[in-house]
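Survey of secondary and tertiary structure
Spelled out from the first residue to the last, the chains are:
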Amino acid sequence: MEKETQSNRLVLFPCPLQGHISPMLQLGSFLHSKGFSITVIHTQFNSPNPSNHLDFTFFPIQDGLTSEEISSGNLVAILLAINANCKVSFRQRLAQVKEQEPENKITCVIHDDLMYFTKAVAKDLNIPNIMLRTTSVTNFLARTAVLQLRSKGHIPFPDSQSLSPVPGFHPLRLKDLPTTNFDTFEKYSELVVNACDVRTASAIVWNTTDCLEQSSLAQIQQQCPVPMFSIGPFHKIEAAASSSLLEVDTSCIAWLDKQSNSSVIYVSLGSVASISEKELTEMAWGLANGKQPFLWVIRPGSVSGSDGIEQLPQGFIEAIGERGYIVKWAPQREVLSHRAVGGFWSHCGWNSTLESLSEGIPMICLPSFGDQKVHSRYVSQVWKVGLHLDNELERGEIERAVRKLMVDADGEVMRVRAKDLKEKIEVSLRNGGSSYKFLNKLVELIMSL
Ligand code: UDP
């Protein structure tokens, strides 16, 4: 197989957000291990670091984003702008790659589903395209439910209905649907509808696995006319290099080494979610009063209007002493696989959720927007490996949640279930498992294009 794939080049186009870049490059690493040459065409905004992937070729293209658009933090507007701006520069670059190495044929373009402008360009140049979906299948189905409910006038819904069940979507409630506060519904809908269009796709690749999402996968397979491959969790397929956009502070590993087994709660809200200064204060005192060791990622910009760390309440650092460790960005996968980590307080982005489940770590869920709300509900109600912080963030509630997860019998039950899921995920990746089989089928399909 490896010999045959040598002269085949795959062009990847990631969506320029941390949670999308990592799985795309992880998929690239796997396909490279199968002998494909990998070219990554990417926006200047949030460009990946080529020195982490010396086997790949990287080409940035003009994305036309203004500094105002970038600093707005309005993800829907940024993604729509990229789709509107990049068609010409992507076409030029793709045509160039095609012409420069005629002996190294471009077998296909693999693009993030949110980078839908790439489909028409690939079609124009007679290159097949494969769509990568970096969220869960369940979230994808929930997005479709949002559009349907909106068309029937059920969204927006009054606060009094926020706990009402979503019809046909147990256990989601209206408040768990992946809506976003970033923009108007029309803009959100434009993005979702375009990302859903699979008419030109040769295949769809999902970063998920059957043992987590069997019924959602069965449902989507019925609806979708295109072959689908659930081959995740990607970070477990191939030892891929870090694709962090921020500098990773590895000093926390030496601190973890000093802690006892399963005693530490790791706290991170991912690369986009933010909290208010008041919420930061409540989190800080909740963690301090929980009396468990903790490793806390406070990303620059994650506390509205400040750098974050300097907004920590007075007396907090003195109160925690050696019991807490704070970094701006952690080597998360390494942290979650460290023997000292026993719980993850997460925003429930899909990568973080998969990374936690793959290590058998139970969670405290604090979703902020979009798919995080769906995953949080699944962690607590379907896989039953975590607690959902449902109410306004308050130090007493946080302290109770930390102790429940890390010390109480309830947390132990969740830990046992999480370990069981970890086993199932490992089985799916081994020879004969579902992800393993789909990985081989995906390589066969790419070779047949
Ligand atoms: N991450 C990391 N270090 C941190 C925080 C996060 O490496 O300190 C990584 C994490 O491992 C995950 C990604 O950033 O792969 C975040 O993706 P996710 O889908 O969980 O959330 P998003 O950032 O898209 O909201």
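This structure is a prediction, so every number in the text was calculated from the model and none was measured. (Residues numbered from 1 in each chain as written. Predicted model: local features only at pLDDT ≥ 70, side-chain atom pairs only at ≥ 80, totals over all residues. Heavy atoms only, no water.)

Moving on to the environment of Gly370. Position of Gly370 among the secondary structure elements: in the loop between strand E12 (363-365) and helix H15 (371-382). According to the relative accessible area criterion, Gly370 is buried, its value standing at 10%. The spatial distance from the C-alpha of Gly370 to the C-alpha of Ala142 is 10.0 Å, given a sequence separation of 228 residues. Among all residues touching Gly370, those that are not within four sequence positions of it are Pro178 and Thr179. (Helix = DSSP H or I, 4+ residues; strand = E, 2+ residues; numbered from the N terminus. Buried < 20%, exposed > 50% of the residue type's maximum accessible area, 1.4 Å probe, protein only. Contact = heavy atoms within 4.5 Å.)

This next bit is on helix H16 (residues 395-406). With 12 residues, H16 extends 16 Å from end C-alpha to end C-alpha; this agrees with the ideal 16 Å at 1.5 Å per step. Among the residues of H16, those classed as buried are Gly396, Glu397, Ile398, Ala401, Val402, Leu405 and Met406. Where H16 is buried, its residues contact strand E8 (264-268), helix H11 (277-290), strand E11 (341-346), E12, strand E13 (386-388) and helix H17 (409-429). (Expected span 1.5 Å × (residues − 1).)

Right, let's talk about the nonpolar core for a bit. In terms of nonpolar packing, the biggest core is built from 89 residues, with Leu31, Ile110 and Leu177 touching the most fellow members. The greatest single-element share of this core, amounting to 8 residues, is contributed by helix H7 (residues 137-151). Apart from residues lying up to four places away in sequence, Ile110 is in contact with Leu10, Val11, Leu12, Phe13, Met24, Leu27, Leu31, Ile130 and Leu132. Formed by 34 residues, the second largest nonpolar core is a distinct cluster that contains Ile61, Leu80, Ala81 and Leu94. (Core = buried A, V, L, I, M, F, W, Y, C linked by side-chain atoms within 4.5 Å.)

Here the focus is the sheet that holds E11. The strand order across the open sheet built from 6 strands is E10-E9-E8-E11-E12-E13, with neighbouring strands paired in parallel fashion. For this open sheet the edge positions go to strand E10 (324-327) and E13, each flanked by a neighbour on one side alone. Recorded for the sheet is a direction-independent mean angle of 15° between the axes of neighbouring strands. Two elements, strand E9 (residues 294-297) and E10, share 4 bridges in a ladder whose sense is parallel. Residue pairing in the sheet places Trp296 in a bridge with Ile326 of E10. Across the sheet, H11 is in contact with E8, E9 and E11; its angle to E9 comes to roughly 165°. (Pairing = 2+ DSSP bridges. Axes fitted to C-alpha atoms, helices over the stretch in contact; angles between N-to-C directions.)

Turning next to the state of the cysteines. Enumeration according to the criterion identifies 0 disulfides in this entry. Between Cys196, a cysteine without a disulfide, and Cys224, which holds the nearest cysteine sulfur, the sulfur-to-sulfur distance is 9.8 Å. Looking at Cys196, the relative accessible area reads 28%, which means it is partly exposed. (Disulfide = S-S within 2.5 Å.)

Neighbouring the ligand are 18 residues; Ser271, Ala330, Asn351, Ser352 and Glu355 lie closest to it. Trp329 is positioned with one of its side-chain polar atoms (N or O) 3.4 Å from a nitrogen atom of the ligand. Taking Glu355, its side chain carries an N or O atom lying 2.6 Å from an oxygen atom of the ligand. A total of 540 Å² of accessible area belongs to the ligand in isolation, and the protein chains cover 91% of it. At 4 residues, helix H14 (residues 350-358) tops the list of elements feeding residues into the shell around the ligand. (Near = heavy atom within 4 Å. Polar contact = N/O pair within 3.5 Å; in protein donor to acceptor, adjacent residues only side chain to side chain. Areas by Shrake-Rupley, 256 points an atom, 1.4 Å probe, with all protein chains shown as cover.)

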